[in-house]
Amino acid sequence: MTKRCRGCGANLQTENPGEYGYIPPKRLGETDDDDLVCQRCFRIIHYNKDELGPVLATASSQALEEGVAWSDHVALVVDLLDFDAGLPSALLESVSARPLLVVANKQDLLPKKTTAAEVALWAKNRLRQLGVEAEVQVVSALNGFGFAGLAQWIEARQPKLLFAGVTNVGKSHVLSRLLGMRLGRKQQYAVKPTVSAYPGTTVSWSRWRLSGGIELADSPGFVPEGRLSDMLCPACARELIPSRTLSSKLYPIAPGQMMHIPGRAAVVCQDSTPGALLIGYCGSGVSWEKSSERHLAKWTREFDGHCPIQNWEEHTVTVPRNCDLIIHGLGWISARKGEYKLKGYLPAGTKFSLRPCLIGPKQQ
Ligand SMILES: Nc1nc2c(ncn2[C@@H]2O[C@H](COP(=O)(O)OP(=O)(O)OP(=O)(O)O)[C@@H](O)[C@H]2O)c(=O)[nH]1
Ligand SMILES: [Mg+2]
Ligand SMILES: [Zn+2]
Ligand SMILES: [Zn+2]
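Since this is a predicted model, take the numbers as computed values, not measurements.

A. Representation of unusual backbone geometry. Its identity is not glycine, yet N48 carries a phi of approximately 55 degrees, on the positive side. Among the structural elements, N48 can be located in the loop between α2 (39-47) and α3 (57-70). Positive phi values are uncommon outside glycine, yet N168 reaches one of about 70 degrees. Structurally, N168 is set in the loop between β4 (160-164) and α7 (171-181).

What follows is the structure, given as structure tokens:
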């Protein structure tokens with residue numbers, strides 16, 4: 001049987017260091033099968049460097065299909081900070097054959113005053129709006145929040161559970177923390193799934209046996225369309241992805257004024273309820289800024305930073321009071337105390353949508 005890397009699931013090989021799964025021949029003989037990791041995983045873990053880049057969409061779709069066929073339940077991991085981008089219809093279709101648990105991850109990034117019960121309810125409603133009926137567990141793989149509940153859910157079902165989801169939502173991190181809890185297994189696994197800030201880390205699906213009939217499997221991320229962070233180089237993408245804190249900026253934006261993240265997105269106010277406000281949310285590597293419509297070109301087409309965007313698209317959108325305009329792979333803008341009619345400028349192909357606000361007042 002082919003041996004697999006415990007970190008990323010790639011089939012191990014000793015011929016080509018430029019391909020996934022390469023392992024120096026002498027390592028293959030001297031390590032227990034459960035502890036084998038490929039050279040790429042080794043370098044991601046120890047030097048935070050991914051020399052081979054993300055898994056291809058075709059390979060990840062195929063591995064997902066195989067994983068779903070093996071499983072009897074699916075845990076769909078979604079990043080709470082990029083929720084809608086985590087639910088592409090093709091992915092939902094692939095996992096729909098199995099009972100679904102939605103694991104809403106990265107709870108640690110939300111403001112403390114936003115309670116988990118509130119978030120779980122919000123997530124359930126949002127899923128229903130998107131046509132998904134599922135149980136929801138709100139968790140943080142970073143600090144362990146919600147894992148007692150998640151472990152209980154697993155122990156009650158003794159499932160063959162596949163962790164699925166789009167790239168970089170924290171599937172491997174969630175699984176790694178669960179493996180640390182052991183769930184009845186006597187000995188901990190020494191090597192855990194590889195976690196990294198780069199999307200496309202996990203290459204194939206791989207299984208982990210725990211006690212009773214429980215088996216957990218990691219899978220490569222589904223590559224979604226329309227996520228702004230995927231259009232940039234890894235360094236620029238990392239600036240957009242919230243990792244330690246979520247940045248929020250509140251501005252009273254009036255007609256003729258705009259809010260923007262330099263070189264990435266801008267919204268110009270066309271009309272608004274007097275006294276209304278906009279709050280922009282994003283990762284802390286970038287920030288929403290206020291400016292005048294006069295400077296639109298400077299902050300979009302003429303931006304001279306790294307990874308300038310060549311093709312921009314213009315959209316008109318009305319954001320009702322207490323709703324969020326979400327820009328996939330970037331963040332969102334929330335309208336407070338009134339409604340906003342906005343002109344949005346986004347890199348061509350970036351998806352956006354409206355939803356009831358995640359943080360703050362829950363009724364319109
Ligand atoms: N703040 C925070 N970051 C997290 C959490 N879970 C995962 N991350 C970070 O998110 C990034 C992606 O985590 P992974 O576990 O590698 O994500 P994945 O879904 O397995 O990604 P692929 O294998 O690329 O599809 C890493 O930088 C993690 O440290 C969390 O609960 N909170
Ligand atoms: Mg992974
Ligand atoms: Zn590996
Ligand atoms: Zn760049």
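B. Here's a closer look at α3. Between its first and last C-alpha, α3 extends 20 Å over 14 residues, near the 20 Å set by a 1.5 Å rise per residue. Where α3 is concerned, the buried positions are S60, A63, L64 and G67. All buried residues of α3 project into a common sector of 105 degrees when viewed along the axis, lining one side. Turned more than 90 degrees off the buried face of α3, the exposed positions are T58 and A69.

C. Highlighting α7. Burial of α7 is extensive: eight of the eleven residues sit out of reach of the surface. Taken together, the buried positions of α7 are occupied by K171, S172, H173, V174, L175, S176, R177 and L178. On its buried face, α7 is in contact with β1 (73-79), β2 (100-105), α6 (147-157), β4 and β6 (215-218). Immediately beyond the C-terminal end of α7, within one or two residues, lies R182, with a positive phi of roughly 70 degrees.

D. Seen up close, the sheet that holds strand β14 (residues 331-336). The sheet built from five strands is open, its strands ordered β7-β10-β14-β13-β16 with antiparallel pairing. The open sheet has two edge strands with one neighbour each: β7 (246-251) and β16 (352-356). Strand-to-strand twist of the sheet, defined as the mean angle between neighbouring strand axes without regard to direction, takes the value 20 degrees. As paired strands, β7 and strand β10 (residues 277-283) are joined by six bridges and run antiparallel to one another. Its bridge partner being in β10, S248 is matched across the sheet by Y281.

E. Main features of the pairing of β14. For β14, the buried fraction is high: five of the six residues fall into the buried class. Sheet topology places β10 next to β14; six bridges connect them, and they run antiparallel. Paired with Y281 across the strands is W332, a residue of β14. As paired elements, strand β13 (residues 323-327) and β14 share four bridges and run antiparallel to each other. Across the sheet, I327 pairs through a bridge with G331, a residue of β14. Linking β13 back to β14 in an antiparallel pair, the connection comprises three residues, with G329 at a positive phi of about 75 degrees.

F. How the structure looks around the site of ligand 1. If you check the shell around ligand 1, you find 25 residues, and the closest are G170, S172, H173, T202 and G221. Per-element accounting of the shell around ligand 1 gives the leading share, three residues, to α7. Class assignment of the residues belonging to the shell around ligand 1 gives a composition of eight nonpolar, 14 polar and three charged.

G. Just the nonpolar core, in detail. L76, V102, V103, A104 and F163 are the most contacted members of the largest nonpolar core, which has 77 residues in total. Excluding its chain neighbours within four sequence positions, the residues that come into contact with L76 are V95, L100, V102, V103, A164 and G165. Among the nonpolar cores identified, the runner-up in size contains 14 residues, and A10, Y20, C38 and L52 belong to it.

Reading the values: rules and limits
Residues numbered from 1 in each chain as written. Chains lettered and ligands numbered in written order. Predicted model: local features only at pLDDT ≥ 70, side-chain atom pairs only at ≥ 80, totals over all residues. Helix = DSSP H or I, 4+ residues; strand = E, 2+ residues; numbered from the N terminus. Expected span 1.5 Å × (residues − 1). Buried ≥ 20, exposed ≤ 12 C-beta atoms within 10 Å, placed from the backbone. Arc of directions from axis to C-beta. Contact = placed C-beta atoms within 7 Å. Pairing = 2+ DSSP bridges. Axes fitted to C-alpha atoms, helices over the stretch in contact; angles between N-to-C directions. Near = placed C-beta within 6 Å. Nonpolar A, V, L, I, M, F, W, Y, C, P; charged D, E, K, R; others polar. Core = buried A, V, L, I, M, F, W, Y, C linked by C-beta atoms within 7 Å.

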